[in-house]
Amino acid sequence: MQALPEYSGGCQCGAIRFHVVGALTHSSICHCRMCQKAFGAYYAPLVSVRGSEFRWTRGEPRRFQSSNMVKRGFCADCGTPLTYEAPDGVAVAAGAFDEPARLPPTIQYGIEAKLPFVDALGSLSALRSEEDAEAGDFLLHILSHQHPDHDTAEWPPD
Ligand SMILES: [Zn+2]
Ligand SMILES: [Zn+2]
């Protein structure tokens, strides 16, 4: 039997980590106003984990009951949005996965609230981090406290 695909991820600070066994095939973005607010973003990228084996491997999110039907999970230490939890299943923030490129979205929801400039984002002028002259000195001295994109035995390291 072929091994099931596996995925891992977590919040920015590493206090919360998760693991998924089973193919994730439903990746979406939601433009609704509640998702905009919950993610502090123009839209929310979410991957349904319904039908897979999902578990928290370090810590667990705090939840905000954003409506009578839905809870939003986030890291209480660093604020990373992590889940959308509805009666019919849980979806996990796509950017929180260690390899979000494996989870391209295939559908959009809530387009009645889509912000008018979203479709034009891809045509904005675009710079790599090192091409941004104003960021030069900043980049030379930056020291990341972000958890790496893989599981760790201990975090933060000593
Ligand atoms: Zn965190
Ligand atoms: Zn939404």
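Cut-offs applied
- Residues numbered from 1 in each chain as written.
- Chains lettered and ligands numbered in written order.
- Predicted model: local features only at pLDDT ≥ 70, side-chain atom pairs only at ≥ 80, totals over all residues.
- UniProt positions renumbered as here; feature names shortened; annotations may be inferred.
- Pairing = 2+ DSSP bridges.
- Helix = DSSP H or I, 4+ residues; strand = E, 2+ residues; numbered from the N terminus.
- Axes fitted to C-alpha atoms, helices over the stretch in contact; angles between N-to-C directions.
- Contact = placed C-beta atoms within 7 Å.
- Core = buried A, V, L, I, M, F, W, Y, C linked by C-beta atoms within 7 Å.
- Buried ≥ 20, exposed ≤ 12 C-beta atoms within 10 Å, placed from the backbone.

Looking at an unreviewed UniProt entry, one finds the protein chain named CENP-V/GFA domain-containing protein and attributed to Stenotrophomonas rhizophila. Here is the UniProt Sequence similarities (unreviewed entry) comment for the protein chain, exactly as written: "Belongs to the Gfa family."

Draft legend 1. Quick look at the sheet that holds strand S8 (residues 81-86). Within the open sheet, the 7 strands sit side by side as S6-S7-S8-S9-S4-S3-S10. Their pairing is mixed. If you trace the sheet from one side to the other, it starts and ends with strand S6 (62-65) and strand S10 (107-109), each paired once. Neighbour-to-neighbour, the strand axes of the sheet open up by a mean angle of 30 degrees, direction not taken into account. Relative to strand S7 (residues 71-74), S6 runs antiparallel, the two sharing 4 bridges. Bridge pairing in S7 places Phe64 opposite Arg72.

Draft legend 2. Here's a closer look at the environment of Ser28. Along the polypeptide, Ser28 turns up in strand S3 (residues 27-30). Those residues within four positions of Ser28 in sequence are excluded, and the remaining contacts are Leu46, Pro105, Thr106, Ile107, Gln108 and Tyr109.

Draft legend 3. Representation of the UniProt feature "domain: CENP-V/GFA" (unreviewed entry) in the protein chain in the model. According to UniProt, the positions carrying the feature "domain: CENP-V/GFA" (unreviewed entry) are residues 7-112. Annotated as 7% helix and 43% strand, the span residues 7-112 places its first and last C-alpha atoms 32 Å apart.

Draft legend 4. View of the sheet that holds strand S5 (residues 53-58). Reading across the sheet, the 3 strands line up as S1-S2-S5 and stay open at both edges, with antiparallel pairing between neighbours. Among the strands making up the open sheet, the edge pair consists of strand S1 (6-10) and S5. Between one strand axis and the next, the sheet turns by 20 degrees as a mean value, whatever way the strands run. In this structure, strand S2 (residues 17-21) lies alongside S5, joined through 5 bridges in antiparallel fashion. For Val21, the partnering residue across the bridge sits in S5 and is Glu53.

Draft legend 5. Fine view of the nonpolar core. Ranked by size, the top nonpolar core spans 27 residues in total, and within it Ala44, Leu46, Val47, Leu82 and Val92 carry the most contacts. Among the elements of the structure, S2, S3, helix H1 (33-39), strand S4 (44-48), S8 and strand S9 (89-93) are those that each provide at least two residues to this core. Residue contacts for Val92: discarding those within four places in its chain leaves Phe18, Leu46, Val47, Val49, Leu82 and Thr83.

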